[in-house]
Amino acid sequence: MSRLLVTGGAGFIGSNFVHHVVAHTDHHVTVLDKLTYAGNRASLEGLPADRVEFVHGDIADAELVDSLFAGTDAVVHYAAESHNDNSLHDPRPFLDTNIIGTYTLLEAARRHGTRLHHISTDEVYGDLELDDPERFTEDTPYNPSSPYSSTKAGSDLLVRAWVRSFGVQATISNCSNNYGPYQHVEKFIPRQITNVIRGIRPKLYGAGRNVRDWIHADDHSSAVLTILEKGRIGETYLIGADGEKDNKSVVELILELMGQDQAAYDHVADRAGHDLRYAIDSTKLRTELGWTPQFGDFEAGLAATIDWYRANEAWWAPSKDSTEAFYAGKGQ
Ligand code: NAD
Ligand code: TDX
């Protein structure tokens, strides 16, 4: 049995990972999370106390990080400021957490010789044209568009430099858009599902032609566990499940699955610098490490996600009004 430290484990993908680890391994997990507006202790409810410990703190707190690395076999680093729209409004926390926070973890990994897996995003590669036959691979040049994606790109480059210069035992994964339970209502899919539950019309940025490559959060978790166990040090692996969909189709599908008129949504102001299309080629992960996604049916996964938000209003309701007030202030 190993002892894992999971940063950002009270967030969307981190909490899904902790649930996955408890269900599929015998590892012990310590979660380090600052509980920003995006972190929620309730996302870890029901997990056994002898398997999961929670530490409230900041990944940029070098002393705290150092003490936690002392008893840890491997670190999986999810903690980040993660929302593009927030990064356009106030970039500073993105630099503090995504850059300085990652630097702080790398320095601790260097001191303690700890294995570290860094979670990143396909957004570091910029965007693709709608009709481009190419998809992102591990060799695609970095070309981030937003304050969020540029800080994630910066954090990836720090990891690569610490591997090369200091021999830190790290791997990186860049994943496409996740969906599933425990996702904050600021994000596209939960925002529209909870809008429909509240009787608010879904909001589509611009014409809604933008394409995202959807993967279920549980498939992301199994991929990360595979890389942690079998990945080669210093390597980057792209994670994706061949789930390209344009935003308009996703909104229409949510409305249909929720028994509404498919046209009952509003077009609102577009996002500044809005990336057009993301698409992942995950051949390396599949062929080298033998990973395959389990949630092939997007419609079934989306229906289950809708059921989860219907059944867990107490989890998301406290964030809903402030999130909609933020968007209303921007005409979105
Ligand atoms: P999230 O915003 O839901 O969760 C982030 C978590 O990190 C929260 O619990 C928050 O409290 C915590 N946190 C923030 N700053 C911290 C700090 N300084 N110290 C400690 N904890 C801190 O984000 P998410 O969507 O779950 O994303 C998790 C990771 O996955 C991020 O690194 C993100 O870049 C990456 N990613 C996300 C997606 C996606 O579709 N959401 C896709 C690819 C990669
Ligand atoms: O109300 C909305 N209407 C809308 O049309 C919102 C919130 C979003 N959108 C669009 C913007 C994007 O084209 O939907 C798409 C998805 O938006 P987000 O959920 O904000 O995700 P995105 O910007 O694609 O980034 C996500 O995937 C990559 C995560 O938030 C990042 O953390 C991850 O790196």
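For the structure itself, look to the data block above.
Residues numbered from 1 in each chain as written. Chains lettered and ligands numbered in written order. Predicted model: local features only at pLDDT ≥ 70, side-chain atom pairs only at ≥ 80, totals over all residues. Heavy atoms only, no water.

This part is about the side chain of Thr 30. Tracing the backbone shows Thr 30 in strand E2 (residues 28–33). A relative accessible area of 9% places Thr 30 in the buried class. (Helix = DSSP H or I, 4+ residues; strand = E, 2+ residues; numbered from the N terminus. Buried < 20%, exposed > 50% of the residue type's maximum accessible area, 1.4 Å probe, protein only.)

Tallied over the full model, the rule gives 14 aromatic pairs. Between Phe 17 and Tyr 78, the aromatic rings sit 5.4 Å apart at their centres with planes inclined by 45°, giving tilted as the arrangement. With Phe 17 in helix H1 (residues 12–24) and Tyr 78 in the loop between strand E4 (74–77) and helix H3 (84–89), the pair connects residues that are 61 residues apart, well separated along the chain. Taking the relative accessible area as the measure of exposure, Phe 17 reaches 0% and is therefore buried. Since its relative accessible area comes to 10%, Tyr 78 is described here as buried. Between Tyr 182 and Trp 315, the aromatic rings sit 6.0 Å apart at their centres with planes inclined by 70°, giving edge-to-face as the arrangement. (Phe/Tyr/Trp six-rings, centres within 6.5 Å; stacked < 30°, edge-to-face > 60°.)

This part takes up helix H6 (residues 188–198). Among the 11 residues in H6, 8 count as buried, and that is most of the element. Among all positions in H6, only Ile 189, Pro 190, Arg 191, Gln 192, Ile 193, Thr 194, Asn 195 and Val 196 are buried. Turning to H6, the residues buried within the fold contact strand E7 (178–179), strand E8 (203–205), helix H8 (247–257), helix H10 (298–311) and helix H11 (313–329). Backbone geometry just after H6 places Gly 199 at a positive phi near 80°. (Contact = heavy atoms within 4.5 Å.)

Two elements in contact, H6 and H11, have axes separated by 11 Å at closest approach and are oriented at 100°. Classified by the interaxial angle, the pair formed by H6 and H11 is roughly perpendicular. Every residue of H11 that contacts H6 at Arg 191, Thr 194, Asn 195, Ile 197 and Arg 198 is listed here: Glu 313, Trp 316, Ala 317, Lys 320, Asp 321, Glu 324 and Tyr 327. Of the residues assigned to the contact of H6 with H11, the class counts are 4 nonpolar, 2 polar and 6 charged. (Axes fitted to C-alpha atoms, helices over the stretch in contact; angles between N-to-C directions. Parallel < 35°, antiparallel > 145°, perpendicular 65-115°, else oblique. Nonpolar A, V, L, I, M, F, W, Y, C, P; charged D, E, K, R; others polar.)

Next up on the list: the site of ligand 2. Of all residues adjacent to ligand 2, which total 22 residues, the nearest are Thr 121, Glu 123, Tyr 148, Arg 271 and His 274. Asn 84 is positioned with one of its side-chain polar atoms (N or O) 2.9 Å from an oxygen atom of ligand 2. In the model, an oxygen atom of ligand 2 is placed 2.6 Å from a nitrogen or oxygen of the Tyr 148 side chain. Taken by itself ligand 2 offers 660 Å² of open surface, and the protein chains cover 94% of this. Going through the elements one at a time, H6 and E8 are the ones with two or more residues in the shell around ligand 2. Its residues assigned to classes, the shell around ligand 2 shows 6 nonpolar, 9 polar and 7 charged. (Near = heavy atom within 4 Å. Polar contact = N/O pair within 3.5 Å; in protein donor to acceptor, adjacent residues only side chain to side chain. Areas by Shrake-Rupley, 256 points an atom, 1.4 Å probe, with all protein chains shown as cover.)

Next up on the list: the site of ligand 1. If you check the shell around ligand 1, you find 28 residues, and the closest are Ile 13, Asp 33, Ser 82, Tyr 148 and Lys 152. At 2.7 Å from an oxygen atom of ligand 1 is found a main-chain nitrogen or oxygen belonging to Ile 13. For ligand 1, an oxygen atom lies 3.0 Å from a polar atom in the backbone of Tyr 78. A total of 840 Å² of accessible area belongs to ligand 1 in isolation, and the protein chains cover 96% of it. Per element, the largest residue contribution to the shell around ligand 1 is 3 residues, and it comes from strand E5 (residues 115–121). Considering only residue class, the shell around ligand 1 consists of 12 nonpolar, 12 polar and 4 charged.

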